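# Structural features, examined
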Amino acid sequence: MPEFCDVAVPVPLHMVLTYRLPEGPSPVSGSRVIVPFRRQRLAGVVTELHDRAPKVTAKTVLQVLDETPALSGELLRLGKWISEYYLAPVGEVFRSMLPLNAEFRRAVVYRITEEGHTALHLAGSGGSSARSKKTPQEQDTEYRALDYLAMRDEAREETLRSATRISPSLLEGMVRKKWIVREDVSHATDASRTRQFGLLKDDPRNGGRPRPPDLQPKLNSNQRLIVDRLTAAGGKLAVEELRALDVPRSTLGTLVKRGLIELVQEAIELPKSTVNPRSLPAGMEFNSAQQAALARIRAAVDARSFTGILLHGVTGSGKTAVYLAAMKSVLDADARRSAILLVPEIGLTPAVAADVHEVFGNEVAILHSGLSDKERAEHWHRIRRGEARAIVGTRSAVFAPVANLALIIVDEEQDSSYKQEETPRYHARDVAVMRAKFSDAVVVLGSATPSLESYFNAKKNRYALVEMPDRVEKRPLPEVELIDMRQEFQETGIEQVISRKLIEEIRLRLERKEQAMVLLNRRGYSPVVLCRTCGKKLECSNCAIALTHHKSRHRMECHYCGFMAPVPKHCASCGSEYVYFLGTGSEKLEELLHGLFPQARIARLDRDTVRSHADFERALNALNAGELDVLVGTQMIAKGHDIHGVTLVGVVGADMALGLPDFRAAERTFQLLTQVAGRAGRGEVPGKVVLQTLFPEHYAVQYAAQHDFTGFYEKELRFRSWMHYPPYSSLANVMVRSAKLDETLRWSGALGRWFEKTRHEGVRVLGPAAAPIERLKRDYRYHFILKSPSRQKLNELLRAMLAQAEKEKIPRTNMIVDVDALWLM
C-alpha cells in the first residue's frame, strides 16, 4: 500500500505537494482531499499515490472527500496540459475544472497563541503585558476575546465577534501582536440534493395572514432589509441569497427565532430555459450544404479517432440545426456516448438550451456562471452519474465530466469570451481541441466569421474545412448601406448620433409592423465627463480610465473595477461649473429613440438591464413574441439570436474599436459588424443593415458591408505576416503590476535587463512599456510582448523568465503570463 500522495493545492505554486496518507479510506488519483497548508486547510486534488518519502516531514491528509475520482484520468491529463501550456499553477487549474464550491464552506477561524495565553495570564493577575494605547474598554474587549479562545481549540470569526462584541480592527491588532492567529479553512458541507429557503411566514403566498398595522413587528434596519428582500421575491428566497445581503449572519437567525421567517429544505429544481425553441427543420430535413456538413461530422464520429472540423457558414445558414442533428446522431447511435456544445456567452445559453431541451429532453445539463453554486454542482453530478449526455454551456463546460466523449462543438469559435481573463488563462476553444484529441473525439469549430488562426489552420489542412455559403431556404443576405457620418455632419451642421437614413428606415419598419435592432457597443449614458474650463476629465480613482455617466442610476461608474462616484456639478480640479457630458452610450441611445418614436415599444439589452439569465430570457421572449418594436443593445444582441421579425439592423459607432492600439482591432470590427448584420432578414422578409461609420473606406468596414470573409481574411493575413503576429507566430503578454509605481518600474526594469542579457534565439521581445491602460484596479502596469514562430522556444523562455523573477523576488501574484493573449490593453 502506498504511504504518500501528491496533491495539487489551489495556490500560486508550480508544483504538487506530498502528504502522508491518512488511516482509513484511502484516496485515489483524481479524488479530492482536504489538507493542511501553512495556516490554512485547503481542498486539493490527488495526482499520484506512491512510496517516495519527501526530504521533509510530510503532513497528513485531513479528510478524503471522494472514494472515486472527481477528475477522470483524461481530465487529469487535460489539466496538466493546461498547466504546462499556459504556465498556470496546476492546483488552480484543477480548481477551475471542478464547479463544486457548494460542497465546501470557507471560514475564517481564530486560535489563541502562547503569547496570547501569557497576555491573558498577566491581565488576570493584575499585570500588563505591554504598555497599551487602547482604551480600558478596548482592553477589556481584547481580554474577553482571549478568554473565549482559551476555552476552545478555535472559533469562527462570526461566532467570536457575536460572543465578545469585538470589532474587526481590534482582531487585526491582536493578530499583529501575535496574541491570536487567523486561519482560512475549508471543510466539506452537506452535498445533498436539497436547497434551504427562507419563507416569510406572514406572507399570504406562503399561507400566512398579514398582520394589522398596529401589530407589525419592530425591526431594525438589517432585519427590515431581509424582510423587504423576501417580500419583493414573492415571500420565498434561497438562504444563500439572503446571506449575500450586506447584513450580519446572525440577523437571519434572529428573525427565525422571532417566528417571522421559517427555514425549509427543498429538493433542487434545476431551472429550464423559458425561451421558445427555434423551429428546426421537420424531421431534420436539410438543404444540400447542411446534409454535406452533417455527413462529414457523422463520418468523423463513426471513425472514433480525433478529427478537427471548421464549419464556416454564413449567418442564417442553419449551423445550429446541424449541431443538434450531429449531437442527436451521437446519442442515438450509442447509449454510452456523450456530446458537449459550447457557446461563448451566458446570453446565448437560454436560446441554445431551449433548442437542446426540445431535442434531448431530460438528458441535457447546463453549465455556466449564471447558475448558483448548488445548481452547478447538481448539473455536474448529473453528468458524472451518466444522467445527462448532452451538455450545453459556456467555456467551463469544456471540463464537463462526461464519459465516452464523442463530439465537442464550439459555436462562434472566434469569440473572445472563450478566453479566460484570470488564472488559469486558458482558451476554451483550444482546450476543446486538446480534449477531443485526448478522447479520440471529433471537435467542430463553427462560425460565420472564424478567427484568422482557425481559418489559417483549416487552409493548412490541420482542420477539415466545411463551407455553408448560403442561408436556409435561399434567403438573401441583408443589403448593407454605409452612412459616412463625416458627410452627415457637413450636410446637417450638427453632430448626429442617429443618422437621417437610420431614422427613416426605423420609421418605415414601424409603419410595416416589423422589428429593428440598433447596436451601440458602449453601455451607459455618456462615456466621458469633461471640464470645459481646464480640460480635465473625470477619472476612476483606481484606474486610468474615464468614468461613465449612468443617468438612470444618478452616478458615475468605472466599467473595469466597479468604482462609483456621484455625478459632478463642478469640476473637481478647478471648481468650474462648466462640466460637459461627452459621447453616447446605449442608455442615451435608447432615450433618443424614445424621443424620436414616442409610440414605439423600445427596450435595451446590456449589462445594466440584464442582471440574470431570467432578465435576458424575458427580453428575448418579448422580441420573439412581437411585443417589442425596437431593441437597443451592446454586443449582447449581435450574436446567435434568431428573431424572424427583425428586418432592420442599425449600427451606431461601428468603427470605435478601430482606434484601439491592438493588432486584432480590424478583425474584431469585421466580426462584430458581420455578426450583427446577420440578425436582419432571417424570416420571410429580406433584411437591411444601416451601418454608420467615420471610416467608410477602411477595409474591415468595406468587407463587412460586402459579406466577404475571404477578402478580409486574405488582406488581414498579409498585414499579420509583415508584423509577425498570429497566426504566423505564437504570442504571449507578460504583465508586471503593483500598487506602487516604483515597484512596477523596478521589477519590469530588472526583467528587461535580463531579457537583454539572455540569449533567446527565435523569440522577439518587445518592452518593457507602459500598458495601454497604465493603471487598473489600483495596480500600475508595465508589460512585455513576446513573439515566436516556435511555441516550444516561447514556452522555454517564459519558464526561464519566471525562474529569474523568483530570483529577483518578484511575487508570482504580481506577474501575469498570458499565453496566446487576446487582450493586450
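Residues numbered from 1 in each chain as written. Predicted model: local features only at pLDDT ≥ 70, side-chain atom pairs only at ≥ 80, totals over all residues. Heavy atoms only, no water.

Further remarks concern the overall build of the protein chain. Across its full length, the protein chain holds 24 helices and 33 strands. Relative to its length of 825 residues, the protein chain is compact, with a C-alpha radius of gyration of 29 Å against a globular reference of 28 Å. C-alpha extents for the protein chain along the principal axes are approximately 90 × 70 × 65 Å. Within the span of the protein chain, comprising 825 residues, buried residues form 53% of the whole. Considering only intrachain contacts with a sequence separation of at least 6, the fraction spanning at least 24 residues in the protein chain is 75%. Treating the 116 positive side-chain charges of the protein chain as one cloud and the 101 negative ones as another, the clouds have centres 4 Å apart. (Helix = DSSP H or I, 4+ residues; strand = E, 2+ residues; numbered from the N terminus. Rg over C-alpha atoms; globule rule 2.2 N^0.38 Å. Buried < 20%, exposed > 50% of the residue type's maximum accessible area, 1.4 Å probe, protein only. Contact = heavy atoms within 4.5 Å. Lys, Arg positive; Asp, Glu negative; His and termini not counted. Charge placed at Lys NZ, Arg CZ, Asp CG, Glu CD.)

Another aspect to go through is unusual backbone geometry. With an omega of -5 degrees, the peptide bond running from Thr 423 to Pro 424 counts as cis. Cis geometry is adopted by the peptide bond preceding Pro 727, which originates at Pro 726 and carries an omega value of 10 degrees. Within the secondary structure, Pro 727 sits in the loop between helix 22 (709-723) and strand 30 (730-738). The phi angle at Glu 412 is positive, at roughly 50 degrees, despite the residue not being glycine.

Turning to helix 22, a few remarks are in order. Between the first and last C-alpha of helix 22 there are 21 Å, a value that for 15 residues agrees with the 21 Å anticipated at 1.5 Å per step. Taken residue by residue, helix 22 has Phe 709, Gly 711, Phe 712, Tyr 713, Glu 716, Leu 717 and Arg 720 as its buried positions. Two to three positions downstream of the cap, the backbone nitrogen of Thr 710 sits 3.4 Å from a side-chain oxygen, assigning the N-cap of helix 22 to Asp 708. Backbone geometry just downstream of helix 22 places His 724 in the positive-phi region, at approximately 60 degrees. (Expected span 1.5 Å × (residues − 1). Polar contact = N/O pair within 3.5 Å; in protein donor to acceptor, adjacent residues only side chain to side chain.)

This part takes up the nonpolar core. Membership of the largest hydrophobic core comes to 113 residues, with the highest contact counts inside it found for Leu 798 and Met 801. Setting aside residues up to four positions removed in sequence, Met 801 forms contacts with Val 734, Leu 751, Trp 754, Phe 755, Met 815 and Val 817. (Core = buried A, V, L, I, M, F, W, Y, C linked by side-chain atoms within 4.5 Å.)

Turning next to the packing of aromatic side chains. A full pass over the atoms with the stated rule returns 17 aromatic pairs. For the pair Phe 456 and Tyr 728, a centre-to-centre distance of 5.3 Å together with 65 degrees between the ring planes defines the contact as edge-to-face. Of the two residues, Phe 456 sits in helix 15 (residues 452-459) while Tyr 728 sits in the loop between helix 22 and strand 30, which places them 272 residues apart along the sequence. For Phe 456, a relative accessible area of 10% puts it in the buried group. Joined through ring pairs, the aromatic side chains of Tyr 455, Phe 670, Tyr 699, Phe 709, Phe 712, Tyr 713, Phe 719 and Trp 722 make up one cluster. Over the face of the ring belonging to Phe 197 we find Lys 236, whose NZ or CZ atom lies 4.8 Å from the ring centre. Here the guanidinium or amino end of Arg 532 rests over the ring plane of Tyr 580, the centre of that ring lying 3.9 Å away. (Phe/Tyr/Trp six-rings, centres within 6.5 Å; stacked < 30°, edge-to-face > 60°. Lys NZ or Arg CZ within 6 Å of the ring centre and 35° of its normal.)

A separate point is the pairing of strand 28 (residues 646-651). Of all six residues in strand 28, six are buried; the element is thus mostly enclosed. Sheet topology note: the strand 20 (residues 515-519)/strand 28 ladder contains five bridges and is parallel. Paired with Gln 515 across the two strands is Val 646, which belongs to strand 28. The sheet contact formed by strand 28 and strand 29 (residues 688-693) spans four bridges and is parallel. Among the inter-strand pairings, Val 651 is bridged to a residue of strand 29, identified as Leu 691. Of the crossover connections in this fold, the one passing from strand 28 over helix 20 (residues 665-677) to the parallel strand 29 is right-handed. (Pairing = 2+ DSSP bridges. Right-handed = clockwise from strand over helix to strand, strands pointing away.)

For the structure on display, the rule yields 51 salt bridges. Residue Lys 501 is joined to Glu 481 by a salt bridge in which the shortest nitrogen-to-oxygen separation is 3.9 Å. With Lys 501 in helix 17 (residues 500-511) and Glu 481 in strand 19 (residues 479-484), this residue pair connects regions lying 20 residues apart in the sequence. Classification of Glu 481 by relative accessible area gives partly exposed; the value is 24%. (Salt bridge = Lys/Arg side-chain N within 4 Å of Asp/Glu carboxyl O.)

The element helix 2 (residues 90-97) is extensively covered by neighbouring structure, given that six of its eight residues are classed as buried. The secondary structure elements touched by the buried residues of helix 2 are strand 1 (4-8), strand 4 (40-50), helix 1 (73-86) and helix 13 (373-384).

To continue, consider the packing of helix 15 against helix 22. Describing two packed helices takes the angle between their axes plus the distance from one axis to the other. Contact pair helix 15 / helix 22: the axes reach a minimum separation of 11 Å and the direction vectors enclose 95 degrees. Here helix 15 is positioned roughly perpendicular relative to helix 22, judged by the angle of their axes. In this structure, helix 15 uses Leu 452, Tyr 455, Phe 456 and Lys 459 to contact helix 22, whose residues at the interface are Phe 709, Thr 710, Phe 712, Tyr 713, Glu 716, Leu 717 and Arg 720. Here the residues of the contact of helix 15 with helix 22 sort into seven nonpolar, one polar and three charged. (Axes fitted to C-alpha atoms, helices over the stretch in contact; angles between N-to-C directions. Parallel < 35°, antiparallel > 145°, perpendicular 65-115°, else oblique. Nonpolar A, V, L, I, M, F, W, Y, C, P; charged D, E, K, R; others polar.)

Quick look at the packing of helix 4 (residues 136-150) against helix 5 (residues 157-164) now. Axis separation between helix 4 and helix 5 bottoms out at 10 Å; the angle between their running directions is 125 degrees. In terms of axis orientation, helix 4 runs oblique to helix 5. Of the two possible hands of crossing, helix 4 and helix 5 adopt the one that is right-handed. Between helix 4 and helix 5, the contacting residues are Thr 141, Arg 144, Ala 145, Tyr 148 and Leu 149 on the first element and Thr 159, Leu 160, Ala 163 and Thr 164 on the second. Tallied by class, the residues present in the contact of helix 4 with helix 5 amount to five nonpolar, three polar and one charged. (Left-handed = near helix turned anticlockwise from the far one by under 90°.)

Attention now moves to a nonpolar patch on the surface. Together, Tyr 560, Leu 660 and Trp 823 make up an exposed nonpolar region whose accessible area comes to about 260 Å². Counting through the fold element by element, Tyr 560 comes out in the loop between strand 23 (555-557) and strand 24 (564-566). (Patch = residues over 30% accessible without salt bridge, like charges linked within 9 Å, V, L, I, M, F, W, Y side chains within 5 Å. Areas by Shrake-Rupley, 256 points an atom, 1.4 Å probe, with all protein chains shown as cover.)

What follows deals with the sheet that holds strand 23. Sheet architecture is open: three strands sit in the order 22-23-24, paired in antiparallel fashion. The sheet is open, and its two edges are formed by strand 22 (548-550) and strand 24, each paired on a single side. If you compare each strand with its neighbour and ignore which way they point, the axes differ by 35 degrees on average. Here strand 23 runs beside strand 24; their pairing, made up of three bridges, is antiparallel. Bridge pairing in strand 24 links Glu 557 to Met 564.

Let's shift gears to the side chain of Glu 667. Mapped onto the elements of the fold, Glu 667 is located in helix 20. Apart from the residues within four sequence positions on either side, Glu 667 is in contact with Pro 450, Ser 451, Leu 452, Phe 712 and Arg 720.

This part is about the sheet that holds strand 12 (residues 307-313). Pairing in this open sheet of seven strands is parallel, and the strands run 14-15-13-16-17-12-18 from one edge to the other. Single-partner strands in this sheet number two, and they are strand 14 (364-367) and strand 18 (464-468). Sheet twist, expressed as the average angle between the axes of neighbouring strands with direction ignored, equals 20 degrees. Sheet analysis places strand 16 (residues 405-411) next to strand 17 (residues 442-447), joined by five bridges and oriented parallel. Its bridge partner lying in strand 17, Asp 411 is registered against Gly 446. Strands in contact with helix 11 (residues 319-333) are strand 12, strand 13 (338-342), strand 15 (390-393), strand 16, strand 17 and strand 18; relative to strand 16, the strand with the most contacts, it is inclined by about 170 degrees.

Moving on, we get to the state of the cysteines. Throughout the structure, instances matching the rule amount to zero disulfides. We note that Cys 561 lacks a disulfide partner, and the nearest cysteine sulfur, in Cys 540, lies 3.5 Å from it. With no disulfide partner, Cys 571 has as its closest neighbouring cysteine sulfur the one in Cys 534, 3.6 Å distant. (Disulfide = S-S within 2.5 Å.)

This brings us to the environment of Ala 295. The residue Ala 295 is located in helix 10 (residues 288-302) in this model. Here Ala 295 falls in the partly exposed class, since its relative accessible area comes to 45%. A sequence separation of 167 residues divides Ala 295 from Arg 462, and the C-alpha atoms of the two residues are 19 Å apart.

Here the focus is the environment of Tyr 85. With respect to the helices, strands and loops of the structure, Tyr 85 is situated in helix 1. Separated by 707 residues in sequence, Tyr 85 and Gln 792 place their C-alpha atoms 9.5 Å apart. If sequence neighbours within four positions are ignored, Tyr 85 has contacts with Arg 791, Asn 795, Val 819 and Asp 820.

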